[in-house]
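Structural characterization, general
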Amino acid sequence: MTDTFSSPLPAVIDELWERRAELTAADADARKLVVEAVDLLDSGAARVALVDPATDAVTVDERAKRAILLSFKVLEMTEGTIGEFYQHDRIPLKKSFPGVRVLPGAIARWGSFFAPGVVLMPSFTNIGGYVDSGSMVDTWATVGSCAQIGRNVHLSGGVGIGGVLEPPNAIPVVVEDDAMIGSRSMIVEGARVGKGAMVGAGTILSATIPVIDVESGAEISRGHIPAWSVAVGGTRTKQFAGGSFGLPCVLVLKRLDEGQRHDKAQLNDILRDHGMSA
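Residues numbered from 1 in each chain as written. Predicted model: local features only at pLDDT ≥ 70, side-chain atom pairs only at ≥ 80, totals over all residues. Heavy atoms only, no water.

**A word on the sheet that holds strand β12 (residues 142-143)**
- The parallel open sheet is built from six strands, whose spatial order is β6-β9-β12-β15-β18-β21. Strands with a single pairing partner mark the edges of an open sheet, and in this sheet they are β6 (107-108) and β21 (204-205).
- Of the pairings in the sheet, the one linking β6 to strand β9 (residues 124-125) comprises two bridges and is parallel in character. Across the sheet, the residue bridging to Ala-108 is Thr-125, located in β9. (Pairing = 2+ DSSP bridges. Helix = DSSP H or I, 4+ residues; strand = E, 2+ residues; numbered from the N terminus.)

**Quick notes on the pairing of strand β4 (residues 85-89)**
- Of the pairings in the sheet, the one linking strand β3 (residues 78-82) to β4 comprises five bridges and is antiparallel in character. Each residue of the ladder has a partner; that of Thr-78, found in β4, is Asp-89.

**Regarding empty space enclosed by the protein**
- For the structure on display, the rule yields two cavities of 30 Å³ or more.
- As a volume, the second largest cavity reaches approximately 30 Å³.
- Contributing to the lining of the second largest cavity are Leu-41, Ala-46, Arg-47, Val-48, Gly-111, Ser-112, Phe-113, Gly-128, Gly-129, Tyr-130 and Gln-148.
- Counted by class, the lining of the second largest cavity contains five nonpolar, five polar and one charged residues. (1 Å grid on protein atoms, 1.4 Å probe; cavity = no way out; pocket = protein on both sides within 12 Å on 5 of 7 lines; lining within 4 Å. Points joined across faces, edges and corners; volume = space filled by probe spheres on them. Nonpolar A, V, L, I, M, F, W, Y, C, P; charged D, E, K, R; others polar.)

See below:
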């Protein structure tokens, strides 16, 4: 779903998008407008997507995506450093982190946003990424372009949150408030992790991977782990001409009470019962 009508970005971005093929870094006026638009993303005054509380649907600000894509057209390659970091790129590194704890080795590109109270371990966040208050991006975790991370989320070590930039109306990865993503998990292709969900280590979730309830055997969704659930990666058997093979899926092991705080020990017990870990 796309909603440019309520976008805080100016409508001129849409006009520039329509003639994007002719834009270059020599277009100073266009560059100024695009930089101003991406600055709104950098400050948190705008964001690429959010969950509409009325419909529970992810709403995309297509204009914000267009501004990001236009930045690659109108910005020149530049060489520079921030602290000990060297770069040669069109998109500069982020410079402002008010209220955010940033450890050595944490890298974020301009156009990403972190609310006060976020903790960034050595990690990488791409342009358009949004991380809300109280969340931790742990060591070697990545927040891909335009990914939306809610409040009090823990992205454990090595978690890969995929980027979804094109086409502009494509829904990015969304991890909702109070979720916990286990180490080395990969959440990609516009997949969604519901509020309060606990995802076991090494889980792979894409927009097309089935999510299955182990109690009923029913497929709950494709690419959407339900709120307040404990989920792990698994396989399901499918018959092909060459034999039976296991295809990836995500298994919902347990449903939590809505609003139930995560008891780490209890969750680890649930996962260990199935040979998994957080």
